[in-house]
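# Breakdown of the fold
So the chains spell out like this:
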Amino acid sequence: MKSLIIDQLKQKLGNRATDSQFESSLYSRDLAPVPNLLVNPLFNTAADLVVRPIDTAEVAEILKISWDNDIPVTPRAGASTVYFDSVPIKGGIVMDLNLLKGIVALDESGMMVTVKAGTTWSELEKYLNGKGFALRSFPSSAPVASIGGWFCMMGYGIGSIKYGSLLSQVKAIELVLPNGEVKQLTSDSDIPLDYLAGSEGTLGVVTQLQVHVRKLTSMKHYLLKVKEPDLSRVVNHIQGERMVPYNIHFSDQKYNAVMNKLGFVADEFTGSCTVAVDYEGSEDDLKAADAVISEMMSGDFEVELAEEKDANQEWKEKFLALRLKRGGPSQLGGEVWLPINNLNHYLDTIKEMDKKYTLGLVSYGHVATAEHAVVMTAFFADERKTIDYVLKLSMVKKIQDIGHRYGGKPYGIGLWNTPYIGYIFDNSQLAELRARKKELDPKGIMNPGKVYRPPLLLNSFNFKVAMNILAAVSRAVGRGNRRV
Amino acid sequence: MSEDKSLFTTLEEEALICGRCGSCRSDCPVYNVIGWESSAPRGKISKAKDIFSKGKQVEISDEFIERIAQCTLCGACSSVCSAGIDTRNLWLAIRKRIADEGRAPEAYKKLRDTLLQNRNISSFSNDDRLEWAEDLDDEPEGLELKAGAEVCYFVGCVSSFYPQAAQVPITIVEILMKADVDFTTMGGEEWCCGYPLLSAGFVDDRKPFIEHNVAKIKELDIHTLIASCATCYHFWKHDCSPELEGYDLEILHATEYLARLIEEGRIELNELDEVVTYHDPCDLGRNSGVYDAPRSIINSIPGVQFIEMGHSRADSLCCGGGGNLQSVDPDLAAKISDLRVKEIKETGASIIVSACQQCEQMLSAGVRNAGLPIRVMDISELILEAMD
C-alpha cells in the first residue's frame, strides 16, 4: 500500500487512524481460533491502516481515496462472527465503524427508528425500551453486534420466527458505495435494499438504517424438558401453533450434560433435551400462549415443564452461550441452517459421527423461520496442541456435510465457508450475486476474498481432499487415543 | 449458576477461554473513551493470551502495560462476560505478573513506597489519621481505639487525609453521635486496607496491612465494622477472609448501617424538597451487590423525588476513579467521569448522591467542569441535612 496514502489518511484522521502493529494485530482476527500456521501462509490479515471514521462523509472520503488507489477496504464493527467476514485477507484498510453510533430519530406513530450503523443491538434495545418500544428481532450477539453488521449478514436471530428476517424489518438504508458515492436504498431504489442483506461488507459500507420496531410488551417464558426422539416434533408443534412464539431455543442432551458438568445447568436437566419457548404480546396473547403449552403438556409428547424460575433464567442468560467454552479451552464447530423437519435425523447422524471420532459433540440452536433452524454443533479442542487442533478442524467439514445431507447449509460465508459455496447457492443464484458485485464494486476493493468464490487454495476440490486426509488422520489418532 | 461465585482459574486458562466475542466492549468505560480494540477487555485478553497462555511467556510490551493500567477495575466486563470470566480478577492477575517483573508503572511504584513508609496513601504520617476530627463541634469520647465499642468506623485513607473528602467522616460521626451509637475508630492504628497494593499488582505487600488491621479489630473486641469507602468495604468483605476466619465480624458499608438505624427509628428525617439521583459506586454495587440500602435511605427522606440514571445498579457507569487509574492517566479518568456527568445532567436532579468519597471527588470535578448547578454529596451528608 502506498505510504503516501497512509500518511494522507493518518494526517486527516489524527488519532482515529493507526498503523501500529500492536493495535492492528487485534483487527486481524475475529472469534475464529484458526492457528497462525494455517492463516499466515495463505492470507495477509495485517491491516496497513486501521481507521475509525466518525460520519458518513468520512466513510465516503476514505472509500473514494481507496477506490482511486485500488486499496482493499474491510469494514468492521462488532466483529462477532467466526468466518473472517471482517478480517482483511489482502491487507489494506480496516474500517472500524464503531464511532457511527447513536439514534437519529424515532418515529413513534410510524413505529420506525433511524439509527447509525455502528450502534449495537443492545444499545438500541435499551433506548427503545425507555420509550415504550422494542426490537422486533436481534442477534444472539446483541451486546456487541452492530445494526449495520447484522443487516449485512443473514439477519436471523431471536424474534425472527415471529417477525421475519431483518431485511423484512428494514425500510431504508444509507450506503456508501466502494467509489465513495452515497446512496439511499429502499426496496424500490435503483440498487434494491436486498442487494445488501447478506452481502457481508462486500458491496459498500452501510452507515444508517431505518428499522421497524414494535411496542414493548410483556413476555412469558417456558422451559421444556424433552426426550430426544421427540425434539423435532415438539419444536415443530410449538412453532406451528396459532400463537407464534417470539423465540424457540433448543439444546440436545449432551449439551445439557456438559453444561451441568460445568456448573451451569441443574441436575434435573441432564437426562433430556431442553426447549426454551418465549412469547411476547398482550395479556390475551400470553393467555393464548399458556393454552398452547398446556395443551401440549396434555398431548402425547414426551415432555415435561420446568419451573418458571428456570425458564426466566434461561431467557436472562440468552447471551451467555460462550460459557460452554469453559470446558475447552477452545471450541470448534459448525453452524448449519437446517430444515426443522430434519432436526432429529441430523442429530442422530451427528451422534453416529461422534461415535466414530469421539469428539464429544454437543448441539444447540434456535428456530429462525417456520421451516428452518440455525443449529450449532460444537466440540472442545485445545489450540495449544497445534497438530491435534488442526486435525480437529477437519471435523467442521464433517458437520457441514451432515447438515448438507439433510438439506442444510452453512450459516454465513465470509472466508472460511467459501469452500461450501456450492452448498449455499445454486449456479443461478451465484451468478446473480457475482453480477451484483461486478456492478457495484468492479474494482473489487470491498472486503475482497469473501463470499463469492473460495481463494484458490480453498477451492472445493482442494478443500475436500485436504479435509478428508485430515479427518482420516484424526480418526486414526482418535483410535490410538482410545486404545491408550 | 451462583452469580456471586467467581469461576476464575488461572490467568493462562482464562485468557484461553475468552472467545473474543466482545460482549464486554460496549460496557467498558475505557473502551468508550479510547475506542481502539486494544483498550477493550477482549483486546487486552487477546494480548494476554499471546503473552501468557501459549506455553512460554513472551515479552510484555510497554503498550500492553499501558493498556492494562488503563482500567478502573469497575467490573462491568465481568458482569457481562458471555464466557463467565471473572475479568476483574484477571486484570489483577495480569497486574501482578507485570509487577513481579518489575515493570509496574512508575506511579504504582511510588504508591507502593508511600504505603510501605506511611501505612497510608498520602504523604502524611499515619498518626494524623484523625486530623479531620478537629472540625467536629464536639469530639466524642472513645473516638479512638475504644475497646468493646458496638461499632468501629473504618475511615479509609482518602477521607482521613484529603481535605476535600474530610466532610464524609465528620458527617458520619455526627450522625452516629445523634443516633447514640457506641462507636470508635482505629485512629492512628488504622492502616490502609491494602487494596491500592492489590490493584497495583503488589499482591504480597498487602498482607501485613490486612494482618495489622485484623489484629487491631480483634484486640479491640470489635464485632461490627462499618466503612464509608466502597473500596475499603469491598476489600474487607472479600479479601480478608483468611485472616478473619473463626472471628465473628459483621462488615457493613455505611449505607447498610445507616439504613438500619433509620429502620430502627434511631434516626429521624425531616422533609427535603430536592430531586435526587444516585450513583452506584462500582465496589459497592456491581462488585459487592449493595444496591438497595442507599436507595432505601434516599426514599425514606420525606419530600425527596428520587430519579434513577439511564444506567443504574449492576448496569451503572463507572465514575473513572477506580483501579488506580487517576495515578497513571488522570485525563482518561476525567473523560470517563464526563460520561457519567452527562447522565446525571439528563436526570434533571438538583443533588447527585453517592456512597464513596472517590466517586464523589470525580463527580464533583466533572459537574464543576460542566458548569452544572448540581450538588454532589455523600449519602451521609444528605441524611445529616435531613436530620437538621
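Calculation rules
- Residues numbered from 1 in each chain as written.
- Chains lettered and ligands numbered in written order.
- Predicted model: local features only at pLDDT ≥ 70, side-chain atom pairs only at ≥ 80, totals over all residues.
- Heavy atoms only, no water.
- Contact = heavy atoms within 4.5 Å.
- Buried area = accessible area lost by both parts, 1.4 Å probe.
- Salt bridge = Lys/Arg side-chain N within 4 Å of Asp/Glu carboxyl O.
- Polar contact = N/O pair within 3.5 Å; in protein donor to acceptor, adjacent residues only side chain to side chain.
- Helix = DSSP H or I, 4+ residues; strand = E, 2+ residues; numbered from the N terminus.
- Disulfide = S-S within 2.5 Å.
- Buried < 20%, exposed > 50% of the residue type's maximum accessible area, 1.4 Å probe, protein only.
- Domains from an automatic or database assignment.
- Pairing = 2+ DSSP bridges.
- Axes fitted to C-alpha atoms, helices over the stretch in contact; angles between N-to-C directions.
- Nonpolar A, V, L, I, M, F, W, Y, C, P; charged D, E, K, R; others polar.
- Core = buried A, V, L, I, M, F, W, Y, C linked by side-chain atoms within 4.5 Å.

### Regarding the interface of chain A and chain B
Contacts between the two partners involve 40 residues from chain A, matched on the other side by 41 residues from chain B. Note on chain A versus chain B: buried area summed over both sides is about 3,100 Å², and carbon and sulfur give 51% of it. Among the residues of chain A in contact with chain B, Phe22, Leu26 and Arg326 of chain A are the three that bury the most area, contributing 23% of the side total. Viewed at the interface, chain B and chain A are joined by five salt bridges. A salt bridge links Arg326 of chain A to Glu14 of chain B, with the nearest nitrogen and oxygen atoms 2.7 Å apart. In this assembly, chain A and chain B are joined by 27 residue pairs in polar contact (both at pLDDT 80 or more). Mapped onto the side of chain A that touches chain B, the elements with two or more residues apiece are strand S1 (17-18), helix H2 (21-24) and helix H5 (121-130) of chain A.

### Notes on the state of the cysteines
All names here are of chain B. Counting across every chain of the model gives zero disulfides over all chains. Left unpaired, Cys28 is separated from the closest cysteine sulfur, that of Cys77, by 6.4 Å. Looking at Cys28, the relative accessible area reads 9%, which means it is buried. No disulfide involves Cys319; its sulfur sits 3.8 Å from the nearest other cysteine sulfur, which is in Cys359.

### Describing the domain arrangement of chain B
The accessible area lost on association of the parts is a frequent measure of interface size. Residues and elements named next belong to chain B. By the assigned domains, chain B splits into domain 1 (11-103), domain 2 (107-260) and domain 3 (269-387). When each unit is reduced to the centre of its C-alpha atoms, the spacing between domain 1 and domain 3 is 27 Å. Contacts between the two partners involve 17 residues from domain 1, matched on the other side by 17 residues from domain 3. Counting the surface lost from both domain 1 and domain 3, the interface buries some 1,200 Å², and carbon and sulfur atoms represent 65% of this. Sorting the residues of domain 1 by area buried against domain 3 places Val33, Thr72 and Cys74 first, and these three jointly supply 40% of that buried surface. Between domain 1 and domain 3 we count one salt bridge in total. The salt bridge partner of Arg88 is Asp283, with a shortest N-O separation of 3.2 Å. Summed over the shared surface of domain 1 and domain 3, the number is six residue pairs in polar contact (both at pLDDT 80 or more). When residues of the side of domain 1 that touches domain 3 are traced back to their parent elements, those giving at least two are helix H2 (29-34), helix H5 (76-80) and helix H6 (87-100).

### Quick notes on the environment of Ile51 of chain B
All names here are of chain B. As for its placement among the helices and strands, Ile51 is situated in helix H3 (residues 41-52). Residue class for Ile51 comes out buried when judged on its relative accessible area of 6%. When the C-alpha positions of Ile51 and Lys96 are compared, they lie 14 Å apart, and in sequence the two are 45 residues distant. In contact with Ile51, other than residues within four places in its own chain, are Lys56, Gln57, Val58, Glu59, Ile60 and Phe64.

### Digging into the pairing of strand S15 (residues 330-339) of chain A
Residue and element names in this part refer to chain A. Summarising burial for S15: eight of the 10 residues are buried, a large majority. Of the strand pairs in this sheet, S15 and strand S17 (residues 372-381) are connected by 10 bridges, and their pairing is antiparallel. Within S17, the position partnered with Val336 by the bridge is Val375. Taken together, the two bridges between S15 and strand S18 (residues 409-410) define a ladder with antiparallel strand orientation. Counterpart to Trp337 in the pairing with S18 is Lys409.

### Details of the sheet that holds strand S2 (residues 183-185) of chain B
Sheets are built from strands paired through backbone hydrogen bonds, the pairs being either parallel or antiparallel. Residues and elements named next belong to chain B. With parallel pairing, the four strands of this open sheet are ordered in space as S2-S1-S3-S4. Lying at the two open borders of the sheet, with one neighbouring strand each, are S2 and strand S4 (250-253). Shown here is a sheet whose adjacent strand axes are inclined to one another by a mean of 30 degrees, direction ignored. The sheet contact formed by strand S3 (residues 224-227) and S4 spans four bridges and is parallel. Residue pairing for S4: Leu225 is matched across the bridge by Ile251. Packed onto the sheet, helix H9 (residues 167-178) meets strand S1 (151-154), S2 and S3 and runs at close to 165 degrees relative to S1.

### Concerning the domain arrangement of chain A
Residue and element names in this part refer to chain A. Split by domain assignment, chain A resolves into domain 1 (3-96), domain 2 (103-215) and domain 3 (221-410). Centre-to-centre separation of domain 1 and domain 2, based on C-alpha positions: 23 Å. Contact residues are listed per partner, giving 13 residues for domain 1 and 16 residues for domain 2. In total, domain 1 and domain 2 occlude about 1,200 Å² of area from one another, counting both sides; carbon and sulfur atoms represent 71% of this. The largest share of the area that domain 1 buries against domain 2 comes from Thr56, Leu63 and Asp85, three residues that together contribute 35% of it. Between the two partners, domain 1 and domain 2, sit zero salt bridges. Linking domain 1 with domain 2 are two residue pairs in polar contact (both at pLDDT 80 or more), by the criterion used here. At six residues, helix H4 (residues 56-68) tops the list of elements feeding residues into the side of domain 1 that touches domain 2. Looking at the side of domain 1 that touches domain 2, its residues break down into seven nonpolar, four polar and two charged.

### Digging into the sheet that holds strand S2 (residues 49-51) of chain A
All names here are of chain A. Spatially, four strands are ordered S1-S2-S4-S3 in an open sheet, and the strand pairing comes out mixed. Strands with a single pairing partner mark the edges of an open sheet, and in this sheet they are S1 and strand S3 (73-76). By the bridge criterion, four bridges tie S3 to strand S4 (residues 93-96) in an arrangement that is parallel. Across the sheet, the residue bridging to Thr74 is Val94, located in S4.

### Things to note about the pattern of salt bridges
Summed over all chains, the structure comprises 55 salt bridges over all chains. With its nearest N and O atoms 2.7 Å apart, the salt bridge here joins Lys437 of chain A to Asp441 of chain A. Among the salt bridges present, the one from Arg340 of chain B reaches Glu343 of chain B, with a minimum N-O distance of 2.7 Å. Residue Arg340 of chain B and its partner Glu343 of chain B are located together in helix H17 (residues 330-347), separated by three residues, close to a single helical turn. Since its relative accessible area comes to 0%, Arg340 of chain B is described here as buried. When salt bridges with common partners are traced through the structure, they connect Lys162, Arg214 and Glu280 of chain A into a single cluster.

### Considering the nonpolar core
Core analysis: the largest hydrophobic core is formed by 131 residues, its most contacted members being Phe64, Ile94, Trp132, Trp236 and Ile267 of chain B. Excluding residues within four positions of it along the chain, Ile94 of chain B makes contact with Leu11, Ala48, Phe52, Phe64 and Ile68 of chain B.

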